[in-house]
Amino acid sequence: MKDIAIKGSFPPRVIGCVTDWDSWLALRDPAGFPPCHGVELRVDALPVSITCDQILEHRIWKPVLVTIRRREEGGFRAIAEEKRREMAHSLLSIASGIDWEIASLPGAEDLVLSARNAGVAVVASSHDFERTPCVEELLGREREARRRGADIVKFAFYLNTPDDLMIGVELLRRCSGPVAVMGMGPLGPVSRLLYAQLGSVLVYGYLGAHESAPGQWPAKLFQDALSSMVPFPSEKLGNLLS
């Protein structure tokens, strides 16, 4: 994941999200692996009884993005901040990338440094479940994330109107480095395809039976759709906004 270094690269990496233990165990068999580039393991969605040692015992052969989401930004259960960092450190050995919220980066300097020393990409994320922030606010978050060591900055926001779609378009035009942009809500599915075509470097689809965020596609469906698409020329993004 860390080799995504070009803003607006196409096609984006398709990340399959796993939110249950049985789906994770099923991924140990390469013959049955779905067509995605990597897997996001939502550790916060696993039963409390599943330990980091158990996860490490059942490695898979695809790149893994380790996510232990805090409750305030969509985590499936509350985990104390110190415990979250401890778990993340424990799982760095299986990770190609680690997702940490921009708002939680202060205090996580040791984790970011350990990830960088291990060659693990840092995905700094931001989630808004009720609104789409203005472009300037999102760009401010991007600057903060990059200042604190992010390789990729991920934005997920709720689209209330079609006009909100264009905020993501402008964000992709003005961002300073690799970003993953996705909408949530009824307009989420179409936004994810649009933003992928316009330069979002990661797209997320779910593996198993349940989505991990509103508006998410099944990973295989996303992979199939992208195979028939071409990138939208970056010089034309300005025309979309005029």
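Caption draft 1: Spotlight on the packing of helix H6 (residues 162-174) against helix H7 (residues 188-198). Direction vectors running N to C along H6 and H7 enclose 20°, while the axes themselves pass 10 Å from each other. Relative to H7, H6 is oriented roughly parallel. For H6 against H7, the interelement crossing comes out right-handed. Note on element contacts: H7 touches H6 through Ser-191, Leu-194, Tyr-195 and Leu-198, opposite Asp-164, Leu-165, Gly-168, Val-169 and Leu-172. Taken together, the residues that form the contact of H6 with H7 break down as six nonpolar, two polar and one charged.

Caption draft 2: Representation of the nonpolar core within the structure. Of all hydrophobic cores here, the largest spans 64 residues; its most connected members are Trp-24 and Ile-55. Per-element accounting of this core gives the leading share, five residues, to H6. Beyond its immediate stretch of four places on either side in the chain, Ile-55 contacts Trp-21, Trp-24, Leu-41, Val-43, Leu-46, Ile-50, Leu-91 and Ile-94. Core analysis: the next-biggest nonpolar cluster, separate from the first, contains 12 residues, Leu-65, Ala-156, Met-182 and Met-184 among them.

Caption draft 3: Structural context of helix H4 (residues 109-117). The set of residues buried in H4 consists of Leu-111, Val-112 and Ala-115. The arc that holds the buried residues of H4, viewed along the axis, is 100°, so those residues lie on one side. Seen from the buried face of H4, the exposed residues on the opposite side, beyond 90 degrees, are Asp-110 and Asn-117. Buried residues along H4 sit against helix H3 (81-91), strand E4 (97-101) and strand E5 (121-128).

Caption draft 4: Spatial organisation of the pairing of strand E8 (residues 202-206). Burial within E8 is extensive, with five of its five residues counted as buried. Because side chains alternate across E8, one face comprises the buried residues Leu-202, Tyr-204 and Tyr-206, and the other comprises Val-203 and Gly-205, equally buried. Across two bridges, E8 lies against strand E9 (residues 217-218) in parallel orientation. From the neighbouring strand, Tyr-206 faces E9, where its bridge partner is Pro-218.

Caption draft 5: Region of the structure containing the side chain of Ser-104. Here Ser-104 is to be found in the loop between E4 and H4. Classification of Ser-104 as buried rests on a relative accessible area of 5%. One polar contact links Ser-104 to Arg-84, side chain to side chain, over a distance of 3.3 Å. Ignoring any residue separated from it by four or fewer positions in sequence, one finds Ser-104 in contact with Arg-70, Glu-81 and Arg-84.

Caption draft 6: Examining H7 more closely. Along H7, the positions that sit buried rather than exposed are Gly-188, Ser-191, Arg-192, Tyr-195, Ala-196 and Leu-198. Taken around the axis of H7, the buried residues stretch over an arc of 165°, which confines them to a single face. Phi turns positive, to about 130°, at Gly-199, one or two residues after H7.

Calculation notes
Residues numbered from 1 in each chain as written. Predicted model: local features only at pLDDT ≥ 70, side-chain atom pairs only at ≥ 80, totals over all residues. Heavy atoms only, no water. Axes fitted to C-alpha atoms, helices over the stretch in contact; angles between N-to-C directions. Helix = DSSP H or I, 4+ residues; strand = E, 2+ residues; numbered from the N terminus. Parallel < 35°, antiparallel > 145°, perpendicular 65-115°, else oblique. Left-handed = near helix turned anticlockwise from the far one by under 90°. Contact = heavy atoms within 4.5 Å. Nonpolar A, V, L, I, M, F, W, Y, C, P; charged D, E, K, R; others polar. Core = buried A, V, L, I, M, F, W, Y, C linked by side-chain atoms within 4.5 Å. Buried < 20%, exposed > 50% of the residue type's maximum accessible area, 1.4 Å probe, protein only. Arc of directions from axis to C-beta. Pairing = 2+ DSSP bridges. Polar contact = N/O pair within 3.5 Å; in protein donor to acceptor, adjacent residues only side chain to side chain.

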